[in-house]
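Observations on chain architecture
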Amino acid sequence: MDITKELESLRRDLEEHKGSGNKLSMVVFSGDLDKLLASFIIATGAIAMGMEVVMFFTFWATPALRDKKKRGKGKDIFGKMFGFMLPKGPSKVVLSKMHMGGMGTGMMKHLMKKKNISSLDDMIALAGELGVKIYVCEMSMDLMGMKMDEMIDYPGMELAGVAKFLEEAAGSRVQLFI
Amino acid sequence: MSEEIKVDATMDLKGLKCPLPIVRVSKKVKDEMQVGQVLVAETTDPGAHADFPAWAKTSGNEIVKVEKGDVSKFYIKKLK
């Protein structure tokens with residue numbers, strides 16, 4: 001066996017391995033403003049670090065991706081109820097702590113603006129620009145009666161299930177559940 | 001004796017908060033800078049003192065000089 005050739009092939013395998021693993025996979029489960037913000041800060045930061053980023057939105061995080069100006073068509077009574085009760089998009093989600101009937105969240109948003117911290121809407125737009133991939137859990141959408149035509153315009157946003165997440169997670173060096 | 005560093009571009013990141021300084025710098029370095037060129041990033045974000053070196057190490061670039069102050073300056077050399 002030619003040792004130089006073998007070394008060359010091993011080196012190539014290693015390079016390929018390196019490239020495929022430089023990825024961050026995130027399950028975004030929470031529909032809280034604070035946790036969503038943290039998710040997007042980490043996601044955009046990871047792109048800056050040269051990583052590929054995949055976010056999976058499931059359960060309470062899915063309604064946070066709705067567009068407040070759009071309406072889903074063909075909903076049954078439960079879908080309509082869920083639609084009414086859940087926050088309609090990034091500007092409607094609230095803090096996990098100290099919401100205080102809206103006062104706390106309002107004050108936090110005011111402070112963020114004053115201190116020049118990006119809003120959740122801005123962070124989502126930035127993530128889209130940078131190429132953060134977003135998958136939305138098909139089961140959550142179905143359970144809560146949500147439709148893709150009521151979601152925000154986000155480049156490349158797709159429906160997916162658990163297998164897609166696991167495939168991405170298995171090929172990622174960093175995995176988070178938020 | 002400190003040798004003079006040739007600066008090719010400067011970025012004003014004053015007032016920007018995490019993660020924007022790193023996001024903007026990485027984009028600029030990737031899209032607009034040539035290998036060997038030096039970018040000076042001016043920032044008021046205290047987190048930058050941990051973030052810029054971490055970013056440089058991970059992305060394979062080099063911080064050649066740091067001037068600390070109310071506005072800190074990071075001299076970033078593109079290596080690849």
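Just above, that's the structure.
Here's what I pulled together on the structure shown here. (Residues numbered from 1 in each chain as written. Chains lettered and ligands numbered in written order. Predicted model: local features only at pLDDT ≥ 70, side-chain atom pairs only at ≥ 80, totals over all residues. Heavy atoms only, no water.)

**Notes on the sheet that holds strand E3 (residues 62-67) of chain B**
Residue and element names in this part refer to chain B. Worth spelling out the cut-off: Being paired, for any two strands, means DSSP has found at least two bridges between them. We count a stretch as a helix when DSSP gives it H or I for four or more residues in a row; a strand needs E for two or more, and each element gets its number in order from the N terminus. Axis lines are fitted through C-alpha atoms, for helices just across the contact stretch, and the angle between N-to-C directions can take any value from 0 to 180 degrees. Any pair of residues with heavy atoms lying within 4.5 Å of one another is described as a contacting pair.
The four strands lie next to each other as E1-E2-E4-E3, forming an open sheet whose pairing is mixed. Each of the sheet's edge strands pairs with one partner strand only, and the pair in question is strand E1 (9-13) and E3. Ignoring which end each strand starts from, the neighbouring axes of this sheet average 20 degrees apart. Relative to strand E4 (residues 72-77), E3 runs antiparallel, the two being bridged by five bridges. Paired with Ile 63 across the strands is Ile 76, a residue of E4. Against the sheet, helix H1 (residues 20-32) touches E1, strand E2 (38-43) and E4, its axis set at about 160 degrees to E1. Where helix H2 (residues 48-59) meets the sheet, its contacts fall on E1, E2, E3 and E4, and the angle it forms with E4 comes to roughly 0 degrees.

**Thoughts on the pairing of E4 of chain B**
When a strand is regular, its side chains alternate between the sheet's two faces. All names here are of chain B. Two strands pair when backbone bridges link them, and E2 and E4 are joined in this way by six bridges, in the antiparallel orientation. Directly across from Ala 41, in E4, lies its bridge partner Phe 74. A loop of four residues connects E3 with E4, the two strands running antiparallel in sequence.

**A short note on the pattern of salt bridges**
Residue and element names in this part refer to chain A. The criterion, for reference: Criterion for a salt bridge: a side-chain nitrogen of Lys or Arg within 4 Å of a carboxyl oxygen of Asp or Glu. Only protein chains enter the accessibility calculation, which uses a 1.4 Å probe; a residue is then buried when its area is under 20% of its type maximum, exposed when over 50%, and partly exposed in between.
All chains considered together, the criterion is met by 14 salt bridges over all chains. As a salt-bridge pair, Glu 168 and Lys 23 come within 2.4 Å of each other at their nearest N and O atoms. On the criterion of sequence distance, the pair formed by Glu 168 in helix H7 (residues 162-170) and Lys 23 in strand E1 (residues 23-28) is long-range, its members being 145 residues apart. The same class applies to Glu 168 and to Lys 23, which are both buried. As a salt-bridge pair, Glu 158 and Lys 133 come within 2.6 Å of each other at their nearest N and O atoms. Taken together, the positions of Glu 158 in strand E4 (residues 158-160) and Lys 133 in strand E3 (residues 133-137) put the pair 25 residues apart, joining distant regions of the chain. Where salt bridges share partners, they join Lys 23, Glu 52, Lys 164, Glu 167 and Glu 168 into one cluster.

**Observations regarding the packing of aromatic side chains**
The criterion, for reference: Between rings of Phe, Tyr and Trp, where Trp is taken as its six-membered ring, a pair exists when centres lie within 6.5 Å; planes separated by under 30 degrees are stacked, by over 60 edge-to-face, and by other angles tilted. Each ring is checked for a lysine NZ or an arginine CZ that lies within 6 Å of its centre and within 35 degrees of its normal; such an atom marks a charge sitting over the ring.
For the structure on display, the rule yields seven aromatic pairs over all chains. With a centroid separation of 4.9 Å and an interplanar angle of 80 degrees, the aromatic rings of Phe 56 of chain A and Phe 165 of chain A are classed as edge-to-face. With Phe 56 of chain A in strand E2 (residues 52-57) and Phe 165 of chain A in helix H7, this pair connects stretches of sequence that are 109 residues apart. By the ring-pair criterion, three or more aromatic residues cluster together here, those being Phe 29, Phe 59, Trp 60 and Phe 177 of chain A. Sitting over the ring of Tyr 75 of chain B, Lys 65 of chain B keeps its end group 4.8 Å from the ring centre.

**A short note on the interface of chain A and chain B**
To keep things clear, this is the line we draw: Note on terms: buried area is the combined drop in 1.4 Å-probe accessible area of two parts once they are placed together, counting the loss on both. Nitrogen and oxygen atoms within 3.5 Å of one another constitute a polar contact, given that in protein one can donate a hydrogen and the other can accept it, and given that sequence-neighbouring residues count only through two side-chain atoms. Nonpolar residues are Ala, Val, Leu, Ile, Met, Phe, Trp, Tyr, Cys and Pro. Charged residues are Asp, Glu, Lys and Arg, and all others, Gly as well, are polar.
Taken together, the contact pairs 13 residues of chain A with 13 residues of chain B. Roughly 1,000 Å² is buried in total at the junction of chain A and chain B, and carbon and sulfur atoms are behind 69% of that figure. Viewed at the interface, chain B and chain A are joined by zero salt bridges. Taken together, the links from chain A to chain B amount to three residue pairs in polar contact (both at pLDDT 80 or more). Elements with a minimum of two residues in the side of chain A that touches chain B: helix H2 (33-48) and helix H5 (120-130) of chain A. In terms of residue class, the side of chain A that touches chain B is made up of seven nonpolar, four polar and two charged.

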